[in-house]
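Commentary on secondary and tertiary structure
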Amino acid sequence: MADKPVYEEASIDGQPPKLASIPASDTTVWADASPLLQAACAGLRDGELIHGDNFNLFAAMSALEIMDPKMDSGIVCTYYSIDEAIENGAAPIPISLDSTIDVRCTIDIMDHLLACEAAWHKGHSLAQTVFSCIYLLRLDRTAPHALLHSYCRIIRATCKAVVSVVSDARTHEEEDLFTMTYGLPLNGDGDDKCLSILNAVEETISRQLRACKATSSKRRLPEDLEPLQSNSNLEEGFCKALLCRLRFRKHFFHVLSCMKRPQGRGLESARKHIASCLTELESILESADFLRSCFDESCEGDIDDKTTASGFEPIGFDAMLNSRLSAPTPPRAIKILSWKKAVEYFVKLLHDLDVICSYSLDPHLESLLRFVVQFQKSQPDLVARSHLQLLLVQDGKLYGRDPFFAVINKAAALPEATKNHDIQKNESFLQLGMLVMNLLKILCTNAAWQRRKLGKFLQDWRVIYVQLELAFRNEYGEVSSSSNDENTCMKIFQHILLWVEEQTYWIAFRFLILGFELELYSTGEYCMVYWYLYAVLIKLTEKTHLMMAVSHDTAKRKGKKKKDSSKDLARESRIPPAVLFLQCYICLAEGLTMMLAALRNEIPVFHSPSPFNTEHEKFVQHFELLQRACIPDHVSYPSYKESTTHARFSTLAMYNYFKDAQRIAKEVKSSFSNDPERAFSTLFSRLGGRWGRNVPFGWIHFSSYLK
Amino acid sequence: MEAKPEEKAEFEEAEIEYVSYGGEHHLPLIMNLVDQELSEPYSIFTYRYFVYLWPQLSFLAFHKGKCVGTVVCKMGEHRNTFRGYIAMLVVIKPYRGRGIATELVTRSIRMMMESGCEEVTLEAEVTNKGALALYGRLGFIRAKRLFHYYLNGVDAFRLKLLFPPPRQVL
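Owing to the predicted nature of the structure, the values given are computational and were not obtained by experimental measurement. (Residues numbered from 1 in each chain as written. Chains lettered and ligands numbered in written order. Predicted model: local features only at pLDDT ≥ 70, side-chain atom pairs only at ≥ 80, totals over all residues. Heavy atoms only, no water.)

All names here are of chain A. For the coordinates displayed, the defined rule picks out 2 cavities of 30 Å³ or more. Approximately 50 Å³ is the volume found for the second largest cavity. If you go around the second largest cavity, the residues you meet are Met110, Asp111, Leu114, Tyr151, Arg245, Phe248, Ile284 and Trp339. Breaking the lining of the second largest cavity down by element, the ones donating at least two residues are α4 (99-121) and α8 (235-260). The residue inventory of the lining of the second largest cavity, partitioned by class, reads 6 nonpolar, no polar and 2 charged. (1 Å grid on protein atoms, 1.4 Å probe; cavity = no way out; pocket = protein on both sides within 12 Å on 5 of 7 lines; lining within 4 Å. Points joined across faces, edges and corners; volume = space filled by probe spheres on them. Helix = DSSP H or I, 4+ residues; strand = E, 2+ residues; numbered from the N terminus. Nonpolar A, V, L, I, M, F, W, Y, C, P; charged D, E, K, R; others polar.)

The following block contains the structure:
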């Protein structure tokens, strides 16, 4: 048994230490090391360092200065251990003997936990946020306090569920602090019953609420029902404040459970619970006025910064208790989100989850890609993105339902019948399936991470193309095929090769556009970026057009034989809207390139050379991954220079880049006669077209420089 | 009462003396500057690591005997490239905006170039407009964005400067 804490009297500078010392045990004994340290201090002069075989300067950088509050997390501790904190009354049960204060403090704990949870989701460790709650760290001792106990249980179960989703998604490479749960009591016996425990408490408070309303209307009181707390004026307010908080947790837990169900079976139910969550969050916000006004004492400080609705500091939290369980480096103090910001975070999270739950699980890859790109524009956080990824890729299938070869088959405009063809067992086709799966996972990651992955991914897509092409040529080098099956195989190869090229250029386009979103390009680099975009767009348009022609062929063959009407011919010769749209983009990209090049060539202030390198080096750096994968071929710095060196405002006036873009855009819009706005915006979103719309005005603005 | 505007030091750029790291006597000056201005906690060993192994890459700026700025760097082999790294750059507030930081960094980069580095890299907060402009003018590009790189949740850019290939002497 450990001894009671003993206070050490002596220390180096004669002042008693603020902390209680660590008790000695059966196998340890305390020895005073001060003489040894003093001798060591005297043994080295300033600037001298001991060289060891296993200790060099690089290793020395990990050293900590003892008692430096920035580095030595122990120095700012109040308690050495959770037990010591509890023994010293840091987490009392009940919180107060006054039931009114007890209830208010419980609500404060609930609010602070919400703020901690939001801080965790935003990127801090679980140990320093949610599990800074001493009640949560020793959940069993809260058993006499039904309200606190049930709330802590559901928090624990919720955290466990969220950790599991994010771990499974494995999209959290940079955000790996999120899933660190080492040493934390996340697994609780009986947590599967947390909902029924919560429901029981909710039921009691509902009855207490009904009772206090009944009293006011002088109806008969139900027997044996004690009020929630002793101040009858505050009973209704407190009951309501508690109910919305409990209900929010219940519905949120249901959202997570429903969304976990395979193949999106629980999405509709999840949406209902999301709606309930949002309603309860509104009630939670409204309860703030009551909670702030129910006590005479007002709290100091800006109410907006507080982590509780009432403004009071919560009881029972100590972020330093887990400092040894956190990351290997000493944890720095983090700022928990304010309560208001925490509620805002959950509102956003729920809206993002709702978008996911509303998705129709479209088997068409192109629609899915559009959806994911559009979803990412709202900058969803890790928890939402992980949920999306798990919906899209389960058990190695799309939505856990469609094998990836079937998905590719459809995307490559092959007939339905070929989706079961044996050719999918071919190594290259298996790898292609993996690439599509990885593409979906990558598209669910945060934009910064995503762009880096997409850049490296280009190489993989190039390689698979080369592999498939080689396999195709080896098998069907001499076109003397006679068998049906050989014809089918040839067709599969041809379609898929074309589709792979289109996909590759799409990825290249996304890679370049993400650079704008991430602010990776300085304005002096825009010219070369738009030029490269233009080069990629030309190829993308070419492949998309070919793909559509080939898909039209397939559709024709599927349809009944009918006489070619003039209408059919007209439709065939019309350029598909998706291609027109890309052509619009080409005009914009070319126009912007030339405009910026002309500015650079004619106005000296726009051309500022740097002392250490030239535009050539910047070109090489920005486009290295694209160049390495030869996307596109025959594109290089010299060809960029050639295209732009002679750009002048006088010659530019002859071209109508932006007028052409406008004209084509109008044509696209009209071709979607039934739903022009939707079609327009979805096509824009596919290519990330935020910058396209304002360009004509930009041209007018820039041309004023000429005067 | 109006708030006092930030005190700006009065000086001619020519009065600033730039000195290469000269030894132990410079170490406390560097440490004080960095401790004062940057939020990352460094132990003395961190400083020693840089200035002992690469003293020629660290520079100090003095004005009338007072240390007003410093840059601390390293270089080495990294994935088959010989690369320089700018670890710390500080100029005290009253002396900012006059090109001292640019001069310190330029001297260091020049030394790296002469020592055979192929590129130079560093991280900077995406919100640090001053640093981004400074390095941008010197030829750095924003090679990557690092999500939530800093503890306060701010992203960082990895900045990289690629030197042109050395001219072939025919």
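Alright, that's what it looks like, and here's the rest.
Residue and element names in this part refer to chain A. Under the domain assignment used here, chain A contains domain 1 (82-219 + 226-349), domain 2 (365-517) and domain 3 (521-555 + 575-685). A C-alpha centroid distance of 24 Å is found between domain 2 and domain 3. Each side of the interface is counted separately: domain 2 has 31 residues, and domain 3 has 29 residues. It is Tyr505, Leu512 and Phe516 that lose the most area in domain 2 upon contact with domain 3, and together they represent 28% of the buried surface on that side. Taken together, the links from domain 2 to domain 3 amount to 1 salt bridge. When the shortest N-O distance is used, the salt bridge between Glu501 and Lys543 registers 3.1 Å. On the surface where domain 2 and domain 3 come into contact, there are 5 residue pairs in polar contact (both at pLDDT 80 or more). Of all the secondary-structure elements, those providing two or more residues to the side of domain 2 that touches domain 3 are α11 (365-376), α15 (447-476) and α16 (484-517). Considering every element that reaches the side of domain 2 that touches domain 3, the biggest residue donor is α16, with 16 residues. Its residues assigned to classes, the side of domain 2 that touches domain 3 comprises 17 nonpolar, 6 polar and 8 charged. (Domains from an automatic or database assignment. Contact = heavy atoms within 4.5 Å. Buried area = accessible area lost by both parts, 1.4 Å probe. Salt bridge = Lys/Arg side-chain N within 4 Å of Asp/Glu carboxyl O. Polar contact = N/O pair within 3.5 Å; in protein donor to acceptor, adjacent residues only side chain to side chain.)

Another aspect to go through is the sheet that holds strand β3 (residues 402-403) of chain A. All names here are of chain A. An order of β1-β2-β3 is seen for the 3 strands of this open sheet, with the pairing classed as antiparallel. The open sheet terminates on both sides in strands that have one partner only, identified here as β1 (393-394) and β3. Of the pairings in the sheet, the one linking strand β2 (residues 397-398) to β3 comprises 2 bridges and is antiparallel in character. Paired with Leu398 across the two strands is Asp402, which belongs to β3. (Pairing = 2+ DSSP bridges.)

Now for the pattern of salt bridges. According to the stated counting rule, one finds 35 salt bridges over all chains in the structure shown. Put simply, Glu313(A) and Lys306(A) hold a salt bridge, and the shortest N to O gap is 3.7 Å. For Lys306(A), a relative accessible area of 15% puts it in the buried group. Of the charged contacts in the structure, one is a salt bridge between Arg96(B) and Glu37(B), with a shortest N-O distance of 2.7 Å. Note that Arg96(B) is positioned in the loop between β4 (81-91) and α3 (100-114) and Glu37(B) in helix α1 (residues 27-37), a separation of 59 residues in sequence. With a relative accessible area of 33%, Arg96(B) lands in the partly exposed category. (Buried < 20%, exposed > 50% of the residue type's maximum accessible area, 1.4 Å probe, protein only.)

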